[in-house]
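What the coordinates show
Now for the letters of each chain:
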Amino acid sequence: AGLAGRRAVSALRLASAALLLLAGCAEGRRFAAPEVGSPAPAYAAAALSGDTVSLDALRGKVVLLNVWATWCHPCREEIPALQELHERHAAQGLTLVGVSVDNRSDRAAVEGFAREYGMTYPVWLDPEERVSSTFRTLGVPSTFLIGRDGTILWKHVGPVDADDPTLTRLLAEALAAPSEGTFGADDA
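Residues numbered from 1 in each chain as written. Predicted model: local features only at pLDDT ≥ 70, side-chain atom pairs only at ≥ 80, totals over all residues. Heavy atoms only, no water.

Let's talk about the overall build of the protein chain
Secondary structure assignment for the protein chain yields five helices and eight strands. Secondary structure elements of the protein chain occur, N-terminal to C-terminal, as α-β-β-β-α-β-α-β-α-β-β-α-β. When each of the 188 residues of the protein chain is scored for burial, the buried share is 44%. Pairs at least 24 apart in sequence give 75% of the contacts found in the protein chain among residues at least 6 apart. (Helix = DSSP H or I, 4+ residues; strand = E, 2+ residues; numbered from the N terminus. Buried < 20%, exposed > 50% of the residue type's maximum accessible area, 1.4 Å probe, protein only. Contact = heavy atoms within 4.5 Å.)

Here you go:
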């Protein structure tokens, strides 16, 4: 599948997400996206190593969950910022996780991409895009800051900027706080 095929698949996914969003509006909060201040939904995927990984296992840590794909140009642009955040805050307790929504057949491409872009933070594989339906994302990149208690503190659609003032403030608060999710901002 070339670029045209990937674009067609992306358009289909966007249309499906829009239909889900409309269905959610018609049926109340059942299909609503998780909001800042609410608990992060249960989510599990596979690590590049093949091990099963989950947000539940990261409870007690500050997590920056980034949804991306190798074919996404804005994702490529934001990887250095994410790597910078990882290097800047890992020692303070930040766990950055990159969730790739690339096709199952693209595993080698994901591994090569991670090496090429110097991604030293964990990469999870989600070719079925369960993360997209679980977090109700409408595209990539999408990023969620999750506090130690599992509360969504910030969400952002589009490339992350390592020096974003809101993200910088919320990261500092989250990393300094024990397990209280009393702060947050919604950039979506």
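Quick word on the side chain of K155
With respect to the helices, strands and loops of the structure, K155 is situated in strand β7 (residues 152-157). Among the polar contacts made by the side chain of K155, one reaches the main-chain carbonyl oxygen of P34 at a distance of 3.1 Å. (Polar contact = N/O pair within 3.5 Å; in protein donor to acceptor, adjacent residues only side chain to side chain.)

Description of the pairing of strand β1 (residues 44-47)
Two elements, β1 and strand β2 (residues 52-54), share three bridges in a ladder whose sense is antiparallel. Within β2, the residue paired with A46 across the bridge is T52. The turn linking β1 back onto β2 is made up of four residues, and G50 within it adopts a positive phi angle of 100°. Relative to strand β5 (residues 123-125), β1 runs antiparallel, the two being bridged by two bridges. Looking at β5, one finds that A46 is bridged to L125. (Pairing = 2+ DSSP bridges.)

Remarks on the state of the cysteines
Applying the stated criterion across every chain yields a total of one disulfide. Here C72 connects covalently by a disulfide to C75, the sulfurs 2.4 Å from one another. Residues C72 and C75 are joined by a disulfide whose S-S torsion is about 80°; by sign, that bridge is right-handed. This pair shows no difference in class: C72 is buried, exactly as C75 is. (Disulfide = S-S within 2.5 Å.)

Focus on the nonpolar core
Formed by 48 residues in total, the largest nonpolar core has its most connected members in L55, L64, L65, W124, F135 and L145. It is strand β3 (residues 62-68) that provides the largest number of residues to this core, a total of six residues. Not counting residues within four places of it along the chain, the set of residues in contact with L55 comprises A40, P41, Y43, V63, L65, W124, F135 and I146. (Core = buried A, V, L, I, M, F, W, Y, C linked by side-chain atoms within 4.5 Å.)

Notes on the environment of Q92
With respect to the secondary-structure elements, Q92 resides in the loop between α2 (73-89) and β4 (94-100). By relative accessible area, which is 44% here, Q92 ends up partly exposed. Expressed as a C-alpha distance, the spacing of Q92 and A176, which sit 84 residues apart in the sequence, is 8.5 Å. In this structure Q92 touches R148 and L175, once residues within four positions along its chain are discounted. A polar side-chain atom of Q92 sits 2.7 Å from a polar atom in the side chain of H89.

Some words on the pattern of salt bridges
Scanning the model with the defined rule gives eight salt bridges in all. We note a salt bridge from E128 to R104, for which the minimum N-O separation is 2.0 Å. Placement of E128 in the loop between β5 and α4 (130-135) and of R104 in the loop between β4 and α3 (107-116) is noted, with a sequence separation of 24 residues between them. Since its relative accessible area comes to 43%, E128 is described here as partly exposed. The salt bridge partner of R107 is E111, with a shortest N-O separation of 3.4 Å. Here R107 and its partner E111 are both found in helix α3, four residues apart, which amounts to about one turn of the helix. One connected set of salt bridges, linked through shared partners, spans R104, D126, E128 and R130. (Salt bridge = Lys/Arg side-chain N within 4 Å of Asp/Glu carboxyl O.)

Some words on the packing of aromatic side chains
The tally for this structure, following the rule as stated, stands at five aromatic pairs. With a centroid separation of 6.2 Å and an interplanar angle of 25°, the aromatic rings of Y43 and W124 are classed as stacked. In this pair, Y43 sits in the loop between α1 (3-26) and β1 while W124 sits in strand β5, placing the two residues 81 residues apart along the sequence. Taking relative accessible area as the criterion, W124 reaches 4% and is therefore assigned buried. When the centroid spacing of 4.6 Å and the interplanar angle of 45° are considered together, the rings of F135 and F144 count as tilted. The buried category is assigned to F135, whose relative accessible area is 1%. On the basis of relative accessible area, F144 is assigned to the buried category, the value being 4%. An aromatic cluster is built from Y43, W124, F135 and F144, whose rings are joined through pairwise contacts. (Phe/Tyr/Trp six-rings, centres within 6.5 Å; stacked < 30°, edge-to-face > 60°.)

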